[in-house]
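Read off the chains here:
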Amino acid sequence: MKIIKLCLVAMIIYSCFPSFEPKTKIIKEIKQENSVIKWIDVIGTLDQDFPDYIIVEKNNIKDTICKAHNIVEIKLNNDTIIISFDGQPKEYSTPINIKENALGYKVKVNIK
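Residues numbered from 1 in each chain as written. Predicted model: local features only at pLDDT ≥ 70, side-chain atom pairs only at ≥ 80, totals over all residues. Heavy atoms only, no water.

### Here's the deal with the side chain of N70
Okay, so step 1: Secondary-structure assignment places N70 in the loop between β4 (61-68) and β5 (71-77).
Okay, so step 2: At 2.9 Å, the side chain of N70 forms a polar contact with the backbone oxygen of D86.
Okay, so step 3: A distance of 2.7 Å separates the side chain of N70 from the backbone oxygen of Q88, its partner in a polar contact.
Okay, so step 4: When sequence neighbours within four positions are dropped, the list of residues in contact with N70 reads S84, F85, D86, G87, Q88, P89 and K90. (Helix = DSSP H or I, 4+ residues; strand = E, 2+ residues; numbered from the N terminus. Polar contact = N/O pair within 3.5 Å; in protein donor to acceptor, adjacent residues only side chain to side chain. Contact = heavy atoms within 4.5 Å.)

### Topic: the sheet that holds strand β9 (residues 101-102)
Okay, so step 1: An order of β5-β6-β10-β9 is seen for the 4 strands of this open sheet, with the pairing classed as mixed. Two strands close off the open sheet at either side, each with one partner strand: β5 and β9.
Okay, so step 2: Two elements, strand β6 (residues 80-85) and strand β10 (residues 105-111), share 6 bridges in a ladder whose sense is parallel. Following the sheet pairing, F85 is matched in β10 by I111. (Pairing = 2+ DSSP bridges.)

### Points about the pairing of β4
Okay, so step 1: Inspection of the sheet shows strand β3 (residues 52-58) paired to β4 by 7 bridges, in the antiparallel sense. Bridge pairing in β4 places I55 opposite T64.
Okay, so step 2: Between β3 and β4, which pair antiparallel in sequence order, lie 2 residues; one of them, N59, sits at a positive phi of approximately 50°.

Nothing here speaks to function; it is geometry throughout.
Here you go:
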């Protein structure tokens with residue numbers, strides 16, 4: 001009987017606390033033939049701040065193009081992925097370099 005009560009108390013306590021694991025949300029997804037380009041927002045809890053990701057998936061291969069905090073927009077023009085940023089691309093406050101190619105796509109940076 002004590003074990004059952006202990007298990008019930010543990011289940012109640014466990015269900016009362018939220019998960020602090022970050023969640024992901026796809027902001028934009030562009031599909032083209034056998035590839036997908038995704039802009040993924042990582043949502044933290046409390047005061048956690050995570051950068052967004054832009055990835056390309058092609059033939060079951062994934063490649064991360066960039067991880068940045070100031071992404072504004074992504075577009076696809078033929079075989080060129082255009083990523084717009086609010087100022088210089090940054091992860092937190094550190095400027096970053098963006099790949100020029102990813103899985104057969106050219107990558108162009110547009111600074112607004």
